[in-house]
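# Remarks on the overall topology
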Amino acid sequence: MIPSQRVILGAGLAILLIITAASIGLDVKSRSDTAWVNHTVEVLKKISDLRVLMRRAESAARGFELYRSQNFTDEFQTARAELAPALADLKRSVRDNPDQIALMEGTEPLAMRRIEIAAEAMRLSAEKDPAGITALQGKAEGRGLMDTVMVNLDRLAAEEQSLLAARTSDSRRTGIVLLGIDVVGALVILLLVVMLMRESQRAQVALTSSLHETRAAKEALEAAVAERTEHLVAAHDELRLSINVLQSTFRSMAEAVLVIDDDGNVLLSNPAAERMLLHRAGMNLRNLSALSDVFHGDGVTPLKADELPSVRVLRGDEFEDLEMIVRPHSGNDVRHLMVSGRPMRDGQGHISGAVLVYHDATASRETERQLQQSQKLDAIGKLTGGVAHDFNNMLTVISGNTETLVASLKEQPELQRTARLIDDAAERCAELIQHLLAFARKQPLQPHDVEINAAIADIAKLLRPTLGEQIQIETVLEQGPMTAHIDPSRLANAVLNMAINARDAMPNGGKLLLETHRVVLDEAYAQANVDVRPGPYVMLAVSDTGTGMEQSVQEKAFEPFFTTKEVGKGSGLGLSMVYGFVKQSGGHIKIYSEEGHGTTIKLYLPPGEGTGAATAIAAPQAEGGAETIFIVEDDALVRNFVTAQLQSLGYKTVAAADSKAALELIDAGQAFDLLFTDIVIPGGMSGRELADEIAKRRPGVKVLYTSGYTDNAIVHHGKLDDGVMLLTKPYRRNQLAEMIRKALGGSATASPAPPPPA
């Protein structure tokens, strides 16, 4: 290696070492930022739980004073027992903040004192000591303590919200800076390669000139050439190694990277750019932008032509974290992108091009949306529960006095009928309030281990006269003992509500299917659904062959008073009651529906002791392969999840969002070994029809289907033939790996089969 090359290589390596050190430091900080964000979210949840616990104790005390029921005493004692550990847990969680520790030190005795006052009031009420009650109420100490405790908790929550916002912002900035450092490192390697190649060319020219200038020193020059050639070979070997490392790093980046010239022509791009931006080699960014509608981060305001990232960066702007929403004209998934841009300048300082880095934030934004939806339902539930409790108190007075009024108006029939109408209206209000309490998760449950198959069989018998002869009811129950820890009367009410909704979705008749299975929801499923705890569950699925729901309806289906039925034909409380029952029981609920293809609602209920042995079976070790899997899935989150899981198992993947895009890839000659497609997909044909169409082009194609409907619901909907392979959502990584291998026919192969000749 010649001296100039050593200098260049040494300088380049020094810069890369500095960049690597900075990248490691920022990575450590990024992990720390993420840990603090998670800690803050956990503290906010504990504050919310403590606030609910105080309200439960207070509501139970009030209920006992009104009705003197043992149920309220039990509920109060339960809340009282949980309060001290909850306060201690919250104090431990904020021990890193002296101000919050001081606030908790002041709040804890107030909260315990408030509970003791409530306990004293319940004791006096139980002993029927009006004088003691009057004296206790005269102090008016309890309400002031409660208000102070709630104000302190609100203050603590507000501080944690501020910390969450600040820590989230720090984490995002650290990630962006880390990404920028990675890109700078890649550019440094590219620059180093170019400079080394130039120095090599100069050395060869100088060597050739020396040979022509003098023949006398031929032997000496030949020796020098041999020595110089040896250095060049070593330099080229190092250069090839550096290029391979650079290419591997560049091609494996999850972010899309585009290097453009000053006219917007793409000089360099990585595979992520093709997947994320639909970019193809030789495209100009003006052609690329014409394929989509681009909006600001709100998804509503269009991005003007002079605000596009490529236009701004070629003007000389440097920016990071530029948010934009991209809606492709082809009908592919909408993407939420975060863009960073840096201009490149020549030796005179003129802009010669730019580097653009695109980060796909679609999945993280969807997770945020799910969290917001869960928080909204939780907030509505708290508000609903409080309102329903107060209305119950008033209805008690109304109903009691109306009953007395009806009895006293025997001699005045007209007025008595009016009083009965009032009494009937009060009764209907009481039923409505019970529905609201069910959604708010404040209905009194009496859970115990219930043999789920026997319960569903009995419920199915009761449904037949309710739904009418035009609805065919079927059950598919997993064999063997299977218990769930639930309140059986509430389960029957929940199934009845879902069955009535299914009947209304099948005005011309259809099939209602009730199924039970033992399932395990794993960590991957829990990460994609923010309110799920991984572990074993008893799954109850209720499927119909009705009209189905569009996505916007599914997102609001659990909200109280939301209904798509005509006025007077539904209160909008059916599914909200089911949601409240499942959540209060410690379970999970999921809707899977497609317009025109029916609906499946899956209840994941906590198992009783009778299901422990059945769900403790260890999952088989996932087996991968080297084949190419063609994924057709319209849900972006599911498609990205499946792609990542299959790649982690060693498979190569090709993905499409609908049947139209899939056929375009097939017609372009895309090779693959297995078609893995959802049954209900957009693009003009179903997954089965797509498989049949591909089979015309590729005889003998192997197919594995997937769907959110259960296996039996698919068969009854008439979508698949016997023997066709189906993987039901949600599925675990091991289930996916096992079904992929079965569909491929067993052992792994080395490479995908080529497409047929044109």
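Before reading further, recall that the structure is shown in the block above.
Residues numbered from 1 in each chain as written. Predicted model: local features only at pLDDT ≥ 70, side-chain atom pairs only at ≥ 80, totals over all residues. Heavy atoms only, no water.

A word on the overall build of the chain. Along the chain, the regular secondary structure elements total 22 helices and 18 strands. The 758 residues of the chain split such that 42% are buried. Taking the intrachain contacts of the chain between residues at least 6 apart in sequence as the baseline, contacts between residues at least 24 apart amount to 71%. When the accessible area of the chain is evaluated, it comes to approximately 38800 Å², of which 56% is carbon and sulfur surface. (Helix = DSSP H or I, 4+ residues; strand = E, 2+ residues; numbered from the N terminus. Buried < 20%, exposed > 50% of the residue type's maximum accessible area, 1.4 Å probe, protein only. Contact = heavy atoms within 4.5 Å. Areas by Shrake-Rupley, 256 points an atom, 1.4 Å probe, with all protein chains shown as cover.)

What follows concerns the packing of helix α18 (residues 636–648) against helix α22 (residues 733–744). One can describe the packing of α18 onto α22 by two numbers: an axis separation of 11 Å at closest approach and a directional angle of 70 degrees. Compared by their axis directions, α18 and α22 come out roughly perpendicular. Together, Q645, L646 and S648 of α18 and R733, L736 and I740 of α22 make up the contact between the two elements. When the residues that make up the contact of α18 with α22 are grouped by side-chain class, the tally is 3 nonpolar, 2 polar and 1 charged. (Axes fitted to C-alpha atoms, helices over the stretch in contact; angles between N-to-C directions. Parallel < 35°, antiparallel > 145°, perpendicular 65-115°, else oblique. Nonpolar A, V, L, I, M, F, W, Y, C, P; charged D, E, K, R; others polar.)

With 3 bridges joining them, strand β1 (residues 256–261) and strand β2 (residues 266–269) adopt antiparallel strand pairing. Looking at β2, one finds that I260 is bridged to V266. Counting the residues between successive antiparallel strands, the hairpin from β1 to β2 contains 4 residues, one of them, G264, with a positive phi of roughly 90 degrees. (Pairing = 2+ DSSP bridges.)

A separate point is the packing of aromatic side chains. Evaluated as defined, the whole model comprises 2 aromatic pairs. Measuring from ring centre to ring centre gives 6.4 Å for Y537 and Y604, while their planes differ by 80 degrees; the resulting arrangement is edge-to-face. Taken together, the positions of Y537 in strand β11 (residues 535–544) and Y604 in strand β13 (residues 599–605) put the pair 67 residues apart, joining distant regions of the chain. Across this residue pair, the class does not change: Y537 and Y604 are buried. It is R327 that lies over the ring of F295; its NZ or CZ is 4.7 Å from the centre. (Phe/Tyr/Trp six-rings, centres within 6.5 Å; stacked < 30°, edge-to-face > 60°. Lys NZ or Arg CZ within 6 Å of the ring centre and 35° of its normal.)

Enumeration over the complete set of coordinates arrives at 26 salt bridges. Here R503 makes a salt bridge to D504, at a shortest N to O gap of 3.3 Å. Connected through salt bridges with shared partners, the residues D667, E693, K696 and R697 form a single ionic network. (Salt bridge = Lys/Arg side-chain N within 4 Å of Asp/Glu carboxyl O.)

With that out of the way, let us pick up the side chain of E160. Positionally, E160 belongs in helix α5 (residues 141–213). At 2.9 Å, the side chain of E160 and the side chain of Q100 are in polar contact. (Polar contact = N/O pair within 3.5 Å; in protein donor to acceptor, adjacent residues only side chain to side chain.)

This part covers the sheet that holds strand β18 (residues 726–728). The strand order β15-β14-β16-β17-β18 describes an open sheet built from 5 strands, whose pairing is parallel. Each end of this open sheet is capped by a strand with a single partner; those strands are β15 (652–656) and β18. Across the sheet, the mean angle separating the axes of adjacent strands is 20 degrees when strand polarity is ignored. Here strand β14 (residues 628–632) runs beside strand β16 (residues 674–678); their pairing, made up of 4 bridges, is parallel. The partner of I629 across the bridge, within β16, is L674. Packed on one face of the sheet, helix α19 (residues 659–667) meets β14 and β15 and runs near 130 degrees to β15.

One non-glycine residue, D321, lies in the positive phi region at around 60 degrees. On the secondary structure map, D321 appears in strand β4 (residues 319–328). With a relative accessible area of 28%, D321 lands in the partly exposed category.

Spatially, the 5 strands line up as an open sheet ordered β8-β10-β11-β13-β12, and their pairing is mixed. Two strands close off the open sheet at either side, each with one partner strand: β8 (471–477) and β12 (588–593). Strand-to-strand, the axes of this sheet are offset by a mean angle of 20 degrees, without reference to chain direction. Here β8 pairs with strand β10 (residues 510–521) via 7 bridges, running parallel. Each bridged residue has a counterpart across the sheet, and for Q472 the counterpart in β10 is K511.

With that settled, consider helix α12 (residues 452–467). Compared with an ideal rise of 1.5 Å per residue, which puts 16 residues at 22 Å, α12 spans 21 Å between its outermost C-alpha atoms and is within 8% of the ideal. N-cap assignment for α12: the residue whose side-chain oxygen lies 3.1 Å from the backbone N of N453 is E451. A positive phi of about 95 degrees marks G468, the residue just after α12. (Expected span 1.5 Å × (residues − 1).)

For a regular strand, the rule is simple: side chains alternate between the two faces of the sheet. The buried fraction of strand β17 (residues 703–707) is high, at 4 of 5 residues. Note: β16 against β17, 4 bridges, orientation parallel. Paired with F676 across the strands is L704, a residue of β17. For the segment spanning β16, helix α20 (residues 687–697) and β17, crossover handedness is right-handed. (Right-handed = clockwise from strand over helix to strand, strands pointing away.)

So, about the nonpolar core. I452, L463, L491, V495 and L603 are the most contacted members of the largest nonpolar core, which has 38 residues in total. The residues contacting I452, other than those within four sequence positions of it, are M482, T483, A484, I486, L491, T516, V538 and L605. (Core = buried A, V, L, I, M, F, W, Y, C linked by side-chain atoms within 4.5 Å.)

Residues L187, L190, L267 and L268 make up a contiguous nonpolar surface patch of roughly 300 Å² in combined accessible area. For the nonpolar patch, the secondary structure elements donating two or more residues are α5 and β2. Summarising the element assignment, L187 is placed in helix α5. By relative accessible area, L187 is classed as partly exposed at 31%. (Patch = residues over 30% accessible without salt bridge, like charges linked within 9 Å, V, L, I, M, F, W, Y side chains within 5 Å.)

None of the figures reported here should be taken as evidence of function without further support.
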